[in-house]
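# Topology and contacts: notes
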Amino acid sequence: MARLRVSWFCMMLFLLTSSVLAQTQGDDYDYDDAFAPEPSPSDDGSPAPIVDDMEAPAPAPVPEAAPSSGEERRALVPALFAFGDSLIDSGNNNRLFSFAKANYFPYGIDFGGPTGRFSNAYTILDQIGDLLGLPLLPPYSETFNVDKMRFGVNYASAAAGILDITGFHFVERIPFGYQIKNFENTLVSLIKNMSAPIVEEAIPKCIFFVGMGSNDYLNNYIMPAYFTQDEYTPQKFAELLVHQYKEQLIKLYNLGARKFIIAGIGQMGCIPFLLAESSNGECSEIVNQMVHPFNAKLKTMIMTLNKSELPGAHFIFLDIENMFKDIFINYKSYGFSVKDRGCCGSGKNKGEVTCLPMQTPCPNRDDYLFWDAYHPTSAVNLLLGDMAFYGGPNFTFPMNIQQLATL
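Residues numbered from 1 in each chain as written. Predicted model: local features only at pLDDT ≥ 70, side-chain atom pairs only at ≥ 80, totals over all residues. Heavy atoms only, no water.

## Examining the overall build of the chain
Of regular secondary structure, the chain possesses 13 helices and ten strands. Split into buried and exposed, the 407 residues of the chain put 54% on the buried side. The long-range share in the chain, meaning contacts at least 24 apart out of those at least 6 apart in sequence, stands at 75%. Accessible area for the chain stands at about 16900 Å²; split by element, carbon and sulfur atoms hold 55% of it. (Helix = DSSP H or I, 4+ residues; strand = E, 2+ residues; numbered from the N terminus. Buried < 20%, exposed > 50% of the residue type's maximum accessible area, 1.4 Å probe, protein only. Contact = heavy atoms within 4.5 Å. Areas by Shrake-Rupley, 256 points an atom, 1.4 Å probe, with all protein chains shown as cover.)

## Comments concerning the pairing of strand β5 (residues 314-318)
Burial runs high along β5: four of the five residues are buried. In the sheet, strand β4 (residues 259-263) pairs with β5 via five bridges, with the strands oriented parallel. Counterpart to K259 in the pairing with β5 is H314. In the sheet, β5 pairs with strand β10 (residues 396-397) via two bridges, with the strands oriented antiparallel. (Pairing = 2+ DSSP bridges.)

## Quick notes on the packing of aromatic side chains
According to the stated counting rule, one finds 28 aromatic pairs in the structure shown. One residue, R258, lies across the ring of Y253, its end atom 3.8 Å from the ring centre. Here the guanidinium or amino end of K299 rests over the ring plane of F397, the centre of that ring lying 4.7 Å away. (Phe/Tyr/Trp six-rings, centres within 6.5 Å; stacked < 30°, edge-to-face > 60°. Lys NZ or Arg CZ within 6 Å of the ring centre and 35° of its normal.)

## So, the sheet that holds β4
Ordered by their spatial adjacency, six strands build an open sheet running β2-β1-β3-β4-β5-β10, and the pairing between neighbours is mixed. Every other strand in the sheet has two partners, leaving β2 (152-154) and β10 as the edge strands with one partner each. Against the sheet, helix α8 (residues 234-254) engages β1 (80-84), β3 (207-211), β4 and β5, with an angle of about 155° to β4. (Axes fitted to C-alpha atoms, helices over the stretch in contact; angles between N-to-C directions.)

## Here we look at the state of the cysteines
Following the criterion strictly, the structure yields three disulfides and no others. With its sulfur 2.0 Å from that of its partner, C343 forms a disulfide with C362. Of note, the bridge from C343 to C362 carries an S-S torsion of about -110° and is left-handed in sense. Taken together, the residues C343 in the loop between β6 (338-342) and β7 (345-346) and C362 in the loop between β8 (353-354) and β9 (368-370) connect sequence positions 19 residues apart. Using a relative accessible area of 8% as the deciding quantity, one classes C362 as buried. Covalently, C344 is tied to C355 through a disulfide, its sulfur atoms 2.0 Å apart. Taking the sign of the torsion about the S-S bond as the criterion, the disulfide between C344 and C355, at about 65°, is right-handed. One end of the pair, C344, is in the loop between β6 and β7; the other, C355, is in the loop between β8 and β9, with eleven residues separating them in the sequence. (Disulfide = S-S within 2.5 Å.)

## Side note on the environment of D367
Inspection of the secondary structure puts D367 in the loop between β8 and β9. Sequence separation between D367 and G335 is 32 residues; the distance between their C-alpha atoms is 7.0 Å. Ignoring anything within four residues of it in the chain, the contact list for D367 reads G335, F336, S337 and V338.

## Here we look at unusual backbone geometry
Generally, phi is negative for residues other than glycine and the peptide bonds are trans, each holding for most cases. Residue F105 is joined to P106 through a cis peptide bond whose omega torsion reads 15°. Mapping P106 onto the fold places it in the loop between β1 and α2 (124-131). The residue after F397, namely P398, is reached through a cis peptide bond having omega 0°. Locating P398 in the fold gives a position in the loop between β10 and α13 (401-406). Despite not being glycine, A159 has its phi angle at roughly 80°, a positive value. Along the chain, A159 turns up in the loop between β2 and α4 (176-194). You can call A159 buried: its relative accessible area is 4%. With a phi angle near 50°, K350 is a residue other than glycine that sits in the positive phi range. Of note, K350 is situated in the loop between β7 and β8.

This is the structure:
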């Protein structure tokens, strides 16, 4: 297997981008609080104290248009709890001292303003939640509000990985293991506000979306600041990730989770950031081949867990790799016209430097597959959400999300 590392030139461009983004950071955030919840209800079960408006983070703007048709629908599940990275982060990194942020314009340009989503509007998680009949999930970083969080919480954090060390060059982020700890905090708060029997009965009926692993490659395995390739072949690295991933998912199972959506990694070699590294403008097959063993082993692990290892559990695998390959090859059939560069970014393929504050994005955003150097546009995210919810076995295994919700 050929070896690949992102060039030092791209690393310097990343650091230049980071220095600009750092100007949007606040310096009043304690790193020790990066994994801590917002003020929660007191021990006697009384409501959480009201945070002064001057200290509270700004509320998310009202979206210009929600994914749903606006019709009143009954939710298919009690709640949706989500764990992941920047592909679904909706604001958890906003208050961290992190270079991985999207709380500035033009992010959210089609949402009504920036929220922390790495998109011009919606994420795949937003679409899945809407199809389940649920409201947009609040990020965990928001002050606890039982009326909102009883429908679910988003714990995803940009730059986070399965491995704690992943993404360390972005400074603060919330790895998967700590996201699970934050879910435990939410459970405590829900029990204090709604009673233990109600929560214990509802949690097994809820859906748990988990999408981890992309940063373990993009911001670990192929980065020059890490030496992971010196220690592991792609096969051995995939084994390491899946082994730890399995232990983390079992922790969620032990906390009551029973319905799992596990998203694989997409065609990473085709993102604008890596297209900019290509001499011929083609996807990096080296990167795609590095990532494939993870997806294959993850699917095998899910098959094993479904057999009998965890009684009562139902896991489905979202084959994001196959979904995106289908979209990338047939992009014109899906109504797109630009697949090889970002809508907002700079340099070759608009992928050498990602979308900067106040940068003017492309006007025809629904024509693009990629919003910035790394992330899909809202139009692609909505399409991926539909594929995950209604798709056949080539996209979702062994069932789709709609079928999982009815179990």
